[in-house]
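Chain and residue survey
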Amino acid sequence: MPGPESTFRMLKILDRFQGVISRTGVDYEVLRRILHVKLIMDSRRAPVILSSVNRKKEEQDKNLFVSSLWMYGLIGLVLTPFVFWSDPEYLLPMSLLSAILMFLIMTSMISDFSSVLLDVRDRSILMTKPIDGRTVGLARSIHAGIYLLLLTGALSAGSLVVGLIKHGVGFFLIYILELILMNMLILVSTSMIYLVLLKYWDGEKLKDLINYVQIGLSATLAIGYQFVIRSFDLIDFNLVFTPAWWQILLPPVWYAAPYEWLFGEGGGWLILLSALAVFVPILLMMIYARLIPSFELYLEKLAHSEAGKGRERGKFDRFLARWVCRSRTEQACFRLSASMLKNEREFKLKVYPTLGLAVLLPYLFFFSTIRNSSFAEIGRGSSYYVLYVMLIMVATVVMMLKYSGKPKAFWLFGSAPMPSMTPLYQGALKAFAIKIFLPLFAVNAVVFVIIFGMRILPDILIVLLTGLMLIPLSAKAMLRTPPFSQAFNMAQQKEGWWVLVYFIVVGGFIGLHYASSTIAYGIPAYIVVLLAVNGWVWTKLYK
């Protein structure tokens, strides 16, 4: 987190806006002191690179956000081609750049910084003092905004440099201004969604609802790319912007419009979209500034949860455990894992958006071809191989199985009369396979059968058996520590390269599937082989 020098630098930058902040009715001196303390506390979480070998056990309690900014910088390099491409046509490349950037910022906002906006731990100290709720709320929003700006700076650093070199200072300054407005829009719109939820719900139901809204936002952002691309028509191999009323609902197009207006071919529609990019974030910020006291009042509901009421026992999970697990210990681990996958909010927040994306990705491939092909033509083809894209969920969930919101409770497994952790591994993997993978796969399998017909049932069975086989194999490679034994903030360490390897492996299985379809009796033989391998990996691999 920011060190003392950067902390004071941030506060000095904030001091330049003291007049604007004070006009909102906020006590600026108190707000500055609150932020000072919050940033100082953040800076005490030492980066992992400074941790000695003897302090490895403490690393699970550290926030590694800043130490991972270089990774965001590398990810942001994918934005640089869009800046190169944006001459003389600015609208499409900058719309795509804005869509990607907003997706990355918004998902990070939802998964990593919502806890800052919804943090109630400091209320017992601050709200007992003569401090206005607006001051506390704005301090919380600025605190989250600082980290959003750090994230945005890392993501956009490469494209900013390229824009300065290729398009000049004017392009560079507009880009910076739009990054600020974009962050303002994301931060305020997220806060206002939470405000509505806080107003009408309370207790545990509110926490669950906020969790599902966060998941839904992440999945919706992933689908939004299609609508951005559909703002353009391909005419004689030239991308032509086609104005339509629904583009008013697409912020990425707003933030691309000023470039086309100022550096390309201007127009009335572009002026309207450019005005939306500027005035909507400012208007929302003004509205939110007035609603901050209400936000602080409703936020108190999160401090009074209904956790004492308990949760359902899960009779169906007991039935499943007896059906798929051999020992009573493994059955208990299965039920525990099923409960964790269902009820662990932080796990759901980090994993469920990927699950939703895995379910929807096959259909996004169809959207790219539906213009030139009818559903009947698609149904006669072999596009059902895109169902393999669903297997991305296997790598994502298996990597996250090692994390828990209460990792220190793992000592219970060490004190239990268990000869090894094998039942925990097997129970967790079977819970994922039965409670998550199979239901989601079944939904897409039914849709694909409707589209392609009964002829693809053997192919769907092959994809299913491949996914089931990859669950224990992926765990053997990626799950190096027992399930639920580490804190979630350790997930910021660099494990993304496993996903790249996983894509290559899945590509290999697609090749095997296709090769088996080209020879006589290849499909039935491949199914038999997959059944045999599944039997071995699920029963012998963790022996």
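If you're wondering where the values come from, they're calculated on a predicted model, not measured in any experiment. (Residues numbered from 1 in each chain as written. Predicted model: local features only at pLDDT ≥ 70, side-chain atom pairs only at ≥ 80, totals over all residues. Heavy atoms only, no water.)

A word on helix α13 (residues 315–324). Those residues of α13 not exposed but buried are D317, L320, A321 and V324. End-on view of α13: buried residues confined to an arc of 105°, all on one side of the axis. When the buried face of α13 is taken as reference, the exposed residues oriented beyond 90 degrees from it are K315, R322 and W323. Packed against the buried residues of α13 are α14 (328–343) and α19 (422–452). (Buried < 20%, exposed > 50% of the residue type's maximum accessible area, 1.4 Å probe, protein only. Helix = DSSP H or I, 4+ residues; strand = E, 2+ residues; numbered from the N terminus. Arc of directions from axis to C-beta. Contact = heavy atoms within 4.5 Å.)

Turning our attention to unusual backbone geometry. Negative phi is the rule for most residues except glycine; trans is the rule for most peptide bonds. Located in the positive-phi region is F484, a residue other than glycine, with phi close to 65°. Looking at the secondary structure, you find F484 in the loop between α20 (457–478) and β4 (486–487). The class of F484 is buried, set by a relative accessible area of 7%. With phi around 60°, Y521 is a residue other than glycine that occupies positive phi space. With respect to the helices, strands and loops of the structure, Y521 is situated in the loop between α21 (496–517) and α22 (522–539). Y521 sits in the exposed class, given a relative accessible area of 71%.

Before going further, it helps to spend a moment on the packing of aromatic side chains. Taken as a whole and judged by the stated rule, the model has 11 aromatic pairs. Their ring planes at 65° and their centres at 6.4 Å tell us that Y385 and Y514 sit as a pair that is edge-to-face. Taken together, the residues span a long stretch of sequence, with Y385 in the loop between α16 (375–379) and α17 (392–400) and Y514 in helix α21 at a distance of 129 residues. When its relative accessible area of 14% is taken as the criterion, Y385 is described as buried. (Phe/Tyr/Trp six-rings, centres within 6.5 Å; stacked < 30°, edge-to-face > 60°.)

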